[in-house]
Every structure is written in C-alpha cells, then in structure tokens.
Amino acid sequence: MTDLQTRRGPVRTAPPTGATGAGTGTAPATRPGALLALVLGGQFMAVLDTAIVNVAVPTVRTDLHASGAALQFVVAGYTIAYAVLLITGARLGARYGYSRLFQSGLAVFTAASLACGLAPATGWLIGFRLLQGAGAALMVPQVMSIIQRTFTGRARLRALGLYSAVLAGGIAAGQVLGGLLVSADLFGSGWRPVFLVNLPIGLVLLAAGARLLPDLPGDRERGFDLPGLLVLGAALGLLVVPLVLGHELGWPLWGWAMLGASALMFVLFAVVERRIARRGGQPLINGRVLGAAGLLPAVGAVFLIMLAFAGFMFSFALHQQTGLGRSALRAGLCSAPIAVGFGAASLYWQRLPRRLHGVLPPLGTGLLAVGYLVLGRMLGDGSGVDAAPLLLTAVLGLLAGFAYAPLFGRALARVAPADAADASGLVVTAVQLGQVVGIALLGSVFLGAVDLPVSARGSGHALLLTTVAIGGVVALAAGFAARAVREDGRKGREEQG
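Below you will find a few notes about this structure.

Right, let's talk about helix 6 (residues 153-184) for a bit. Along its 32 residues, helix 6 runs 45 Å from first to last C-alpha, staying within 8% of the 46 Å computed at 1.5 Å per residue. By the largest-angle criterion, A173 marks the main kink of helix 6, which is about 30°. Where helix 6 ends, the next residue or the one after it, D185, has phi of about 50°, a positive value.

In this section: the pattern of salt bridges. Any two side chains of opposite charge can pair, so long as their charged atoms come close to each other. Under the definition given, this model contains 3 salt bridges. Linking R129 and D49 is a salt bridge whose minimum nitrogen-to-oxygen distance equals 3.5 Å. One end of the pair, R129, is in helix 5 (residues 122-150); the other, D49, is in the loop between helix 1 (32-48) and helix 2 (57-64), with 80 residues separating them in the sequence. Accessibility classification places R129 together with D49 in one group, the buried group. R483 is paired through a salt bridge with E487; the nearest N and O atoms lie 3.0 Å apart. Of this pair, R483 and E487 both sit in helix 19 (residues 456-496), 4 residues apart, roughly one helical turn. The class for R483 is partly exposed, based on a relative accessible area of 44%.

We now examine helix 1. Taking 1.5 Å as the rise per residue, helix 1 with 17 residues should run 24 Å; its terminal C-alpha atoms sit 24 Å apart, in good agreement. Here helix 1 lies mainly inside the structure; 12 of its 17 residues are buried. Residues of helix 1 that are buried include every one of L35, L36, L38, V39, L40, G41, G42, Q43, M45, A46, V47 and L48, and no others.

Moving on to the packing of aromatic side chains. The final tally for this structure, using the stated rule, is 9 aromatic pairs. Taken together, a centroid distance of 6.4 Å and an interplanar angle of 70° make the contact between Y78 and F109 edge-to-face. Residue Y78 is found in helix 3 (residues 68-96), and its partner F109 is found in helix 4 (residues 98-117); the two are separated by 31 residues along the sequence. A single burial state applies to Y78 and to F109, both of which are buried. Here the aromatic residues Y78, Y82 and F109 are joined through ring pairs into a cluster of three or more.

Thresholds applied
Residues numbered from 1 in each chain as written. Predicted model: local features only at pLDDT ≥ 70, side-chain atom pairs only at ≥ 80, totals over all residues. Heavy atoms only, no water. Helix = DSSP H or I, 4+ residues; strand = E, 2+ residues; numbered from the N terminus. Expected span 1.5 Å × (residues − 1). Bend = angle between axes of the 7 residues up to and from the residue. Salt bridge = Lys/Arg side-chain N within 4 Å of Asp/Glu carboxyl O. Buried < 20%, exposed > 50% of the residue type's maximum accessible area, 1.4 Å probe, protein only. Phe/Tyr/Trp six-rings, centres within 6.5 Å; stacked < 30°, edge-to-face > 60°.

Don't take any of this as a statement about function, it's just geometry.
Here's what the structure looks like:
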C-alpha cells in the first residue's frame, strides 16, 4: 500500500476494527505535499483568527465606539460558534463529502472575513464573526478526515505532525501578525486588515481546492442523528458561553446556571446516544470510535495539554503587556519560542529512536509540569523576560510537542477510515475546547490575582500562581497519557498474539 492513495473512484472503507493503515482513500494524482499544504492552510487561517483579533480590540473600540460587552462578543463570538458547531461540521462532511464541506466552509469563512473587514458597526461585526466561526467549524473537521482517508503509514504521521505544528504556530502567529497589521495602519484602515488578510489567502485556497482536493464522496444514507446534534450543540453552547464571557462580566449567576445546565445536557446527550444505538440507529459518535484502544485517555491528555498551552500563552502575553508594559507585537514575538518548540517537536519526534516513542507522552508531560513551575519561579518576582526564560519557554514547547504529537497520532491510530469523521470531530473539538477552557480558566486565575493597573511584581506573582495551576493540569495530563500508552500497547500485543 502506498503512503498516498491516488486512485479515483468511490472510497472503500475498512472494517470497523481497522488499524492505522487500514482502509483506502482517494486522491488525485498530484503531489501529496500540495494537498497537505492546501488543507493545512485552511486550518492555519481558522486557528489564526482565534488570536489575531485580540490585539485589535483597542482600535475597534475607538473606531466603532463599542462597549466592553460588545467587544467581548467580537472576540468570543468566533470561538463560541467554532467550538459549538465542530461536531456538526464533522457529521455533515461524512454525509455530504469531506472535500465539498471543506470548500463550502472555506468559502463561508473567506466571505465572512471580508464582511468583518467592511463591517460598519459593532452589531454587524459580531454577526459576521459568528458566521466566520460557523465557516471554520464546517471546514476544520474535514482537514483531519481528508488526512485520515488519503494518507497512511509514515506519511500520515508526518501529516499529523504538521497539523500539530500549525495549531501551535497559528496561536503565536495571530498575536504577532495582529500586532504588525494594527501597528502598520495600512491606508488608515486601523483594525480592518486583521480580517481582510484572510481574503487573498482564502481565494487562493479555494482555487487550489478545485484542482487538488481528492474525490471523497459522503454517505447520503448515513443517519444524521438530529436529536444528538441538537442536544450536544446545546451542551457545548451552555459550557462555552459562560467560560468565554464569565470573567469579563464578573461571573454572573446566569453563567453558573448555564454551566450546571451544561452538565445535565451532557448527561442527556449520553442517554440519547445510547437510545439511538439500541434502536439500531447511527448515533452522532459511534461506539466503535469511543471503544478504540487508547482513544479516550489520549483525547483527555490532548485536551489538557492544549488547555495548559493556550492558558499559558494568554497569561504570558497579559503579564508582558499589563505588568511589564510591552507592546502587543513584542509580547507576541516573545511567545514565538514556545510555539516554535512545539511545532519542531511535532514535526520531528518520529526521528527519535523508536524505543522512546511509547514513553514520550507521559515523560514529556511530567517534565512539562515541572518546567512550568520553574518558569513561574523565574518570573514570579516581576523581572523582565530575558534570554533565560525565553530559552526555557522553547524547552517547554519542545516537551509539549513531544507529548502532544504522539498522543494525537495514538488517538486516531486504531480508528477505521469509515469512522474518520466521527473521530476527527471528537479530537478537534477536544483541541478547540481545550483552548477555550484554558484561556477562560487560567486567564481567570491570572486576572483574579491582579488589580489593573498592576506593577511588574504583582503581575509576576499572578503569573506564578497561574503556572502552579498549569503544572497541576499537566500532571493530570501525564496520567491520561500513561493510560493511553498502556491501552494502545496492550491492543498491539493482542493483535500480534
């Protein structure tokens, strides 16, 4: 079997018990690198837009005379729509075709980006941001499904490494690029280029997609599970909205009520899915996916690693801007080492001796927990971010990547291509929710420990408290990672025996 399947025609899927290389996909007889660059380009734009708008908030406030609550919805509306609709986007791709949904989502995202850049008032901007998030939710799950169905073996592992690098790079690049565009004030346009920059990229990707995307038709006869979609969408919405808006609004009572209702809706979702499965229907998340060896603990570890990573990036940027008085651009540049380390480890972990691959996730997360604590001690007195802390952040990025990338591969390794959409939707939702929860919870730890304006020492103390919390989160991730490795190893021995 070749690393990239190049046969046209209907997709043939493997049995539910297929392993990593099981099953085939279809792709045009073109360079696999071009296909990967196309789908990861769409992924990069989606990740970029979770961070790029943050640095433009002050100019949006001045230009549109926006209130604080309106600005929160400008920033958070995209994330809310994106997180809530990801599972829906995955199921639509499985039903109507992954390539078709990728192109459709990319078109919606690109058009919404143009509309955001031209928005005449805050209300319009909020609406277009929601639409932009919906477009990303349609597009992003198809990236993983396309990778799962067109790449096998080492090529798939390389593709997953690049995917992980894009996730880390997009977060850091958003802060840097946003600072550059706002500072440049091109033609007096202020904040608008942070959205308009997506237009030429999106148009190029749309044109390339028409030629490069593989023929991966969906299964129109597959059940849609509308009750499951509605219940899960409500559960995610009730979870994400208060997490995103809670701190800014002072954690009102309605926020806590929504969190409680979210827990109940998740329980109801489990009940609905079991009932659909008992009746012979097709639940939103197939039981075969949840039963794949090592999947759930790997997803849990991935969620916690991204929670810690995104929460640290957010708090680290706040410390530099509020406590040390640095510009958004400089703060973004200082976040580059950890993102570069994360991306490099995600790309090259496979080059380490194979005997180390199994221990990388638990060992990496264990060392990462200690590293965050050491960094907190280094910066806790409010001293500047000089060479030594930046070098340590690069090491933290390496450790995070060495843990995250193998776990990401393990989460999908034993999922049959027929279940790729369900699995990719689950994993990508965990990644996105990890970022949302990390920024909300760990950002609240940092902001709850300071009274703005804050001194450098006070901000350093808040960062120390935040890194202690991060260390606890990553230590928990180490436990999940160890369990994922054990389950995957046991399954491998059973298959060999």
